[in-house]
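# Structural description and commentary
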Amino acid sequence: IYAACGISPSCADGFSDPHFFHKQWIAEEEARRRRLLDERKARRAARRSARPAQVGSASVDRKAKRVQRKKFMTFEEQMGLPAAGAASFSRGGAAPPQ
């Protein structure tokens, strides 16, 4: 079975736990991952403490966006006609004068 996977018998087979070295490597990698995660959290906390305190934790100062002017008029606007899908029709308002 092991030969099909490319695993040959080794000196590790004589130990009570043949996966000892693999488990040891996994434990080292987990410790390294935790250490990197803790460092990242510390950097993030330092960045957050450097910012001025805000009322809401997720609040961000946003400025109002500029409204872009229409560059071209539709045919109906040029002719002075009401738009084909006027909102007053769909809301049950009065019909436009004819």
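Refer to the structure printed above.
Residues numbered from 1 in each chain as written. Predicted model: local features only at pLDDT ≥ 70, side-chain atom pairs only at ≥ 80, totals over all residues. Heavy atoms only, no water.

## Here we look at the overall build of the chain
Regarding its fold elements, the chain presents four helices and zero strands. Helices and strands appear in the chain in the N-to-C order α-α-α-α. In the chain, which comprises 98 residues, the proportion classed as buried is 2%. In the form shown here, the chain has an accessible surface area of approximately 10,100 Å², with 58% of it arising from carbon and sulfur atoms. (Helix = DSSP H or I, 4+ residues; strand = E, 2+ residues; numbered from the N terminus. Buried < 20%, exposed > 50% of the residue type's maximum accessible area, 1.4 Å probe, protein only. Areas by Shrake-Rupley, 256 points an atom, 1.4 Å probe, with all protein chains shown as cover.)

## So, a nonpolar patch on the surface
Together, Phe-75, Met-79 and Leu-81 make up a nonpolar patch on the protein surface, roughly 350 Å² of accessible area in all. Mapped onto the secondary structure, Phe-75 falls in helix H3 (residues 75-79). On the accessibility criterion, Phe-75 (53% relative accessible area) is exposed. (Patch = residues over 30% accessible without salt bridge, like charges linked within 9 Å, V, L, I, M, F, W, Y side chains within 5 Å. Salt bridge = Lys/Arg side-chain N within 4 Å of Asp/Glu carboxyl O.)

## A short note on a positive patch on the surface
Residues Arg-40, Lys-41, Arg-43, Arg-44, Arg-47, Arg-48 and Arg-51 make up a contiguous surface patch of positive charge. The residue Arg-44 is located in helix H2 (residues 20-50) in this model. (Lys, Arg positive; Asp, Glu negative; His and termini not counted. Charge placed at Lys NZ, Arg CZ, Asp CG, Glu CD.)

## Brief notes about the pattern of salt bridges
Counting across every chain of the model gives three salt bridges. As a salt-bridge pair, Arg-33 and Glu-30 come within 3.0 Å of each other at their nearest N and O atoms. Of this pair, Arg-33 and Glu-30 both sit in helix H2, three residues apart, which is roughly one turn of that helix. Take Arg-33: its relative accessible area is 43%, and that puts it in the partly exposed class. Close ionic contact of Arg-35 with Glu-39 constitutes a salt bridge, the shortest N to O distance being 4.0 Å. On the criterion of helical spacing, the pair formed by Arg-35 and Glu-39 is a turn pair, its members being four residues apart in helix H2. A residue is classified by how much of its surface remains accessible, and Arg-35, at 46% relative accessible area, is partly exposed.

Without other data, these values stay purely geometric and don't point to any function.
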